[in-house]
Amino acid sequence: MPTNEKEYNGYLFDQLSLIEDVEEVAKAENAENTLRILEVKKRQIERKLYQQPPLTTEAK
């Protein structure tokens with residue numbers, strides 16, 4: 001489990017990179033069903049990554 005938001009975001013960026021790699025293969029093979037699922041997963045990850053307000057708040 002990530003210890004802080006920066007580490008968690010790093011994991012999310014790694015997941016996005018994996019999805020992009022798989023998308024390239026799916027496009028080359030015209031795997032439309034796979035591309036649809038990957039698009040859904042990509043939106044789910046981006047929703048976590050770019051949520052407002054962030055997962056944690058800075059202590060003042």
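See the structure above.
The shown structure was predicted, so the numbers you read here are calculated from the model rather than taken from an experiment.

Scoring rules and cut-offs
Residues numbered from 1 in each chain as written. Predicted model: local features only at pLDDT ≥ 70, side-chain atom pairs only at ≥ 80, totals over all residues. Heavy atoms only, no water. Helix = DSSP H or I, 4+ residues; strand = E, 2+ residues; numbered from the N terminus. Buried < 20%, exposed > 50% of the residue type's maximum accessible area, 1.4 Å probe, protein only. Contact = heavy atoms within 4.5 Å. Patch = residues over 30% accessible without salt bridge, like charges linked within 9 Å, V, L, I, M, F, W, Y side chains within 5 Å. Areas by Shrake-Rupley, 256 points an atom, 1.4 Å probe, with all protein chains shown as cover. Salt bridge = Lys/Arg side-chain N within 4 Å of Asp/Glu carboxyl O. Lys, Arg positive; Asp, Glu negative; His and termini not counted. Charge placed at Lys NZ, Arg CZ, Asp CG, Glu CD. Core = buried A, V, L, I, M, F, W, Y, C linked by side-chain atoms within 4.5 Å.

Caption draft 1: The arrangement of the side chain of Lys42 in detail. For Lys42, the location among the structural elements is in helix H2 (residues 32-49). With relative accessibility at 17%, the residue Lys42 sits in the buried group. Setting aside anything within four residues of it in sequence, one finds Lys42 in contact with Leu16, Ile19, Glu20 and Glu23.

Caption draft 2: A look at a positive patch on the surface. A contiguous patch of positive charge on the surface is contributed by Lys41, Arg43, Arg47 and Lys48. With respect to the helices, strands and loops of the structure, Lys41 is situated in helix H2.

Caption draft 3: Inspection of the nonpolar core at higher detail. By size, the foremost hydrophobic cluster in this structure holds eight residues: Leu12, Leu16, Ile19, Ala26, Leu35, Leu38, Ile45 and Leu49. Contributing elements (two or more residues each) for this core: helix H1 (5-28) and H2. Not counting chain neighbours up to four residues away, the residues in contact with Leu38 comprise Ile19, Val22, Glu23 and Ala26.

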